[in-house]
Amino acid sequence: MAKDPARKATPPTATFGTMIVCVPDDLPREALTAHQLDRTFGVRGTLSPRFWATAMYPWQRGQMFGLRKGRPAYCAGGPVRLLDLHGMRQAAGMGAGIRHQLFSQIVHGTRPATPWHVYQARHLADPTKYPYDTAAADFHHQPRVNAIRMHNAATYGAGRIAVGELEMYQAGSMAYQHHSALTAIVGDALITADGAKLVPVSDAMADRVTYLEQAHRLLATTDPDQRLLAVAL
């Protein structure tokens, strides 16, 4: 989703932060280093310590990518059976519930706002009649958006509310929790073991939901020995 609506308009494609890669069985570890990702998968990025590792035997640590110390032990990936995907979903959902409570307090008394992608699409449909600066101003002048921006201006760290997730927040607490929980494990895009790419068409919530449905269904039926790798784009 668009992180900063004040940036120059681009075609209405989705915003990607993290891609999950289903690593083919015959691909050696040497091909999974950060500088080999572009050559191997056509992806420019770095390995991301996104997943939680389960409790494991010492000999299993060699199967993990970028395993770190701590509880939970973060890693960039490994076999599905050694990743605590269930715990990640639960934690992400609980955190999202707390953020939504905060969101509700911040925007209390304001009307639902129109998401940025609607203004962006209107601008791209006729840039001359509806300039980008006008689209950005119309988005930012909404009372609910201003309430969020005011909160963020006075807040640092995890307490900030992502304006780019406005449409997800407005869908309600449960919807936002499910969105956050699924995104925690499937990221913003996914490459299957046979090289196919699953990506949302745009940042609109409907397109994000379609992607989450497809990606989660795929991971839910993935072999426990399938290796996953998280890449920050």
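Computed from a predicted structure; not experimentally measured.

1. Some remarks on the state of the cysteines
By definition, a disulfide links the sulfur atoms of two cysteine residues through a covalent bond.
Then step 1. Enumeration according to the criterion identifies 0 disulfides in this entry.
Then step 2. Cysteine Cys-22 is unpaired, with the sulfur of Cys-75 as its nearest cysteine sulfur at 14 Å.
Then step 3. Since its relative accessible area comes to 0%, Cys-75 is described here as buried.

2. A look at unusual backbone geometry
Then step 1. Cis geometry is adopted by the peptide bond preceding Pro-72, which originates at Arg-71 and carries an omega value of -5°.
Then step 2. As for its position among the elements, Pro-72 is in the loop between strand E3 (51–53) and strand E4 (73–75).

3. What to know about the side chain of Thr-183
Then step 1. Along the chain, Thr-183 turns up in helix H7 (residues 173–186).
Then step 2. Looking at Thr-183, the relative accessible area reads 15%, which means it is buried.
Then step 3. Looking at Thr-183, its side chain comes within polar contact range of the main-chain oxygen of His-179, at 2.7 Å.
Then step 4. Here Thr-183 is in contact with Arg-50, Asp-188 and Leu-212, once residues within four sequence places are set aside.

4. Remarks on the packing of H7 against helix H8 (residues 205–220)
Then step 1. For the pair H7 and H8, interaxial distance at closest approach is 10 Å and the crossing angle is 50°. Between H7 and H8, the angle falls in the class oblique. Viewed along their axes, H7 and H8 form a crossing whose handedness is left-handed. Residues Ala-175, His-179, Leu-182, Thr-183, Ile-185 and Val-186 of H7 lie in contact with H8, whose contacting residues are Met-205, Tyr-211, Leu-212, Ala-215, His-216 and Leu-219.
Then step 2. Here the residues of the contact of H7 with H8 are counted per class, giving 9 nonpolar, 3 polar and no charged.

5. A few points about the packing of helix H2 (residues 85–106) against helix H5 (residues 143–153)
Then step 1. Running from N to C, H2 and H5 cross one another at 115°; their axes reach a closest spacing of 9 Å. Every pair of crossing elements has a handedness; the one defined by H2 and H5 is right-handed. Within the contact between the two elements, H2 uses Leu-102, Phe-103 and Ile-106 and H5 uses Arg-144, Ala-147, Ile-148 and His-151.
Then step 2. Here the residues of the contact of H2 with H5 sort into 5 nonpolar, 1 polar and 1 charged.

6. Here's the deal with H8
Then step 1. If you check H8, its first and last C-alpha atoms are 22 Å apart, about what 16 residues at 1.5 Å a residue would give, namely 22 Å.
Then step 2. The set of residues buried in H8 consists of Met-205, Arg-208, Tyr-211, Leu-212, Ala-215 and Leu-219. For H8, the angular spread of buried residues about the axis comes to 120°, placing them on one side. Across from the buried face of H8, at angles greater than 90 degrees, the exposed residues are Ala-206 and Arg-217.
Then step 3. Residues of H8 that are buried in the fold lie against strand E1 (18–23), helix H6 (166–170), H7, strand E6 (189–191), strand E7 (197–198) and strand E8 (227–232).

7. A short note on the layout of surface pockets
Then step 1. Quantified by volume, the largest pocket comes out at close to 410 Å³.
Then step 2. A class-by-class count of the residues in the lining of the largest pocket yields 9 nonpolar, 8 polar and 6 charged.

8. Notes on the pattern of salt bridges
Then step 1. Summed over the entire model, instances satisfying the criterion amount to 3 salt bridges.
Then step 2. Between Arg-81 and Asp-225 there is a salt bridge, with the nearest N and O atoms lying 2.6 Å from each other. In this pair, Arg-81 is assigned in the loop between strand E5 (77–79) and H2 and Asp-225 in the loop between H8 and E8, connecting sequence segments 144 residues apart.
Then step 3. In this structure, the salt-bridge partner of Arg-208 is Asp-188, at a minimum N-O distance of 3.4 Å. Here Asp-188 lies in the loop between H7 and E6 and Arg-208 lies in helix H8, a separation of 20 residues in the sequence.

The rules behind the values
- Residues numbered from 1 in each chain as written.
- Predicted model: local features only at pLDDT ≥ 70, side-chain atom pairs only at ≥ 80, totals over all residues.
- Heavy atoms only, no water.
- Disulfide = S-S within 2.5 Å.
- Buried < 20%, exposed > 50% of the residue type's maximum accessible area, 1.4 Å probe, protein only.
- Helix = DSSP H or I, 4+ residues; strand = E, 2+ residues; numbered from the N terminus.
- Polar contact = N/O pair within 3.5 Å; in protein donor to acceptor, adjacent residues only side chain to side chain.
- Contact = heavy atoms within 4.5 Å.
- Axes fitted to C-alpha atoms, helices over the stretch in contact; angles between N-to-C directions.
- Parallel < 35°, antiparallel > 145°, perpendicular 65-115°, else oblique.
- Left-handed = near helix turned anticlockwise from the far one by under 90°.
- Nonpolar A, V, L, I, M, F, W, Y, C, P; charged D, E, K, R; others polar.
- Expected span 1.5 Å × (residues − 1).
- Arc of directions from axis to C-beta.
- 1 Å grid on protein atoms, 1.4 Å probe; cavity = no way out; pocket = protein on both sides within 12 Å on 5 of 7 lines; lining within 4 Å.
- Points joined across faces, edges and corners; volume = space filled by probe spheres on them.
- Salt bridge = Lys/Arg side-chain N within 4 Å of Asp/Glu carboxyl O.

By themselves these figures say nothing about function.
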